[in-house]
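Listed below, chain by chain, are the residues.
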Amino acid sequence: MSVKFVGVILLSLAVTLPGFIINEKLILRKKYLRFFCDLTARLPLSMLDGGESIFEILSRESGEGFKYLATIDKGVINDHTALKRLFINNRIELGDAEEIADFFVSLGNGSFEQQKKHCEIFSNRFGSLLKAAEESAKDRGRLYKVMFVSLGLTVFIILI
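The shown structure was predicted, so the numbers you read here are calculated from the model rather than taken from an experiment. (Residues numbered from 1 in each chain as written. Predicted model: local features only at pLDDT ≥ 70, side-chain atom pairs only at ≥ 80, totals over all residues. Heavy atoms only, no water.)

Teacher, can you tell me more about the overall build of the protein here?
Along the backbone of the protein there are six helices and zero strands. Tracing the protein from N to C terminus, the helices and strands come up as α-α-α-α-α-α. Against the 2.2 N^0.38 benchmark of 15 Å for 160 residues, the protein shows a C-alpha radius of gyration of 21 Å, more extended than a compact globule. With respect to the principal axes defined by its C-alpha atoms, the protein has extents near 75 × 30 × 25 Å. Looking at the protein as a whole, 34% of its 160 residues qualify as buried. (Helix = DSSP H or I, 4+ residues; strand = E, 2+ residues; numbered from the N terminus. Rg over C-alpha atoms; globule rule 2.2 N^0.38 Å. Buried < 20%, exposed > 50% of the residue type's maximum accessible area, 1.4 Å probe, protein only.)

Is there a simple way to think about a nonpolar patch on the surface in this case?
Taken together, the side chains of Phe5, Val6, Ile9, Leu10, Leu13 and Ile160 present a nonpolar region at the surface, about 550 Å² in accessible area. Tracing the chain through its elements places Ile9 in helix 1 (residues 2-49). (Patch = residues over 30% accessible without salt bridge, like charges linked within 9 Å, V, L, I, M, F, W, Y side chains within 5 Å. Areas by Shrake-Rupley, 256 points an atom, 1.4 Å probe, with all protein chains shown as cover. Salt bridge = Lys/Arg side-chain N within 4 Å of Asp/Glu carboxyl O.)

I keep staring at the packing of helix 4 (residues 80-89) against helix 5 (residues 94-105) and nothing clicks. Help me out?
How two helices sit against one another is set out by the angle between their axes and by the gap between those axes. Look at helix 4 against helix 5: their axes get within 8 Å of each other, and the N-to-C directions meet at 135°. Our classification of the angle between helix 4 and helix 5 gives oblique. The handedness of the crossing between helix 4 and helix 5 comes out as right-handed. Across from His80, Leu83, Lys84, Phe87 and Ile88 in helix 4, the residues of helix 5 making contact are Leu94, Ala97, Glu98, Ile100, Ala101, Asp102, Phe104 and Val105. Broken down by class, the residue content of the contact of helix 4 with helix 5 amounts to nine nonpolar, one polar and three charged. (Axes fitted to C-alpha atoms, helices over the stretch in contact; angles between N-to-C directions. Parallel < 35°, antiparallel > 145°, perpendicular 65-115°, else oblique. Left-handed = near helix turned anticlockwise from the far one by under 90°. Contact = heavy atoms within 4.5 Å. Nonpolar A, V, L, I, M, F, W, Y, C, P; charged D, E, K, R; others polar.)

Explain the confidence of the model for the protein here, please?
If pLDDT is low for a region, its predicted coordinates should not be looked at in detail. When pLDDT is averaged along the protein, the result is 84; 98% of the residues meet or exceed 70. No element of the protein has a lower mean pLDDT than helix 3 (residues 74-77), at 77, and none a higher one than helix 5, at 90. (pLDDT = per-residue confidence, 0-100.)

What is the right way to read the side chain of Ser12 from this model?
The topology assignment puts Ser12 in helix 1. At 3.4 Å, the side chain of Ser12 forms a polar contact with the backbone nitrogen of Phe156. In contact with Ser12, other than residues within four places in its own chain, are Gly152, Val155 and Phe156. (Polar contact = N/O pair within 3.5 Å; in protein donor to acceptor, adjacent residues only side chain to side chain.)

Explanation requested: the nonpolar core in the structure shown.
In globular proteins that are soluble, nonpolar side chains generally tend to be buried together. Residues Phe36, Leu69, Ile72, Phe87 and Phe104 are the most contacted members of the largest nonpolar core, which totals 31 residues. Put simply, the parts of the chain that give this core at least two residues each are helix 1, helix 2 (54-61), helix 4, helix 5 and helix 6 (112-159). If we skip the residues at most four places from it in the chain, Phe87 touches Phe36, Tyr68, Leu69, Ile72, Ile92, Ala97, Ile100, Ala101 and Phe104. (Core = buried A, V, L, I, M, F, W, Y, C linked by side-chain atoms within 4.5 Å.)

Looking at this structure, how should I read helix 4?
In an α-helix there are 3.6 residues to a turn, and that puts residues three or four apart on one side. Inspection of helix 4 places Ala82, Leu83, Leu86 and Phe87 among the buried residues, and these make up the whole buried set. All buried residues of helix 4 fall inside an arc of 135° around its axis, so they share one side. Looking at where helix 4 begins, the residue whose side-chain oxygen comes 3.3 Å from the main-chain nitrogen of Thr81 is Asp79. Just downstream of helix 4, Arg91 is the residue with a positive phi angle, here 70°. (Arc of directions from axis to C-beta.)

So this is what it looks like as structure tokens:
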């Protein structure tokens, strides 16, 4: 009897867990989009200070959870596919990875004014994505947690 009870509890928890995992992914998306919004806002000031290359700035700006930005070098920064793969491998969604790769591919080309404009354009794009991600996390995150907890409770009740 007790083995069955433990099995039912474990099964119920296993059914509940995906709701929390999905919610974590939505929160992670907000985190990295907020980081790239901040990065595109700070980057023109860092470039204006001068003396540092884009790669040195990225290495310095890569905070906790974004250390992979320090691996971007001259061989990767102009390769859209390699950048997209780098971002996807670091748990960034495909659509967002493409936007971020678009930002980096054009980074460092042109005058300071062109770079500043480029950063402003992508700051607005990342801001729009962030706003959508925040709304999605607020609405869908709660929905997924409630739905999967309810499903877990249902499995528990049925099997007991």
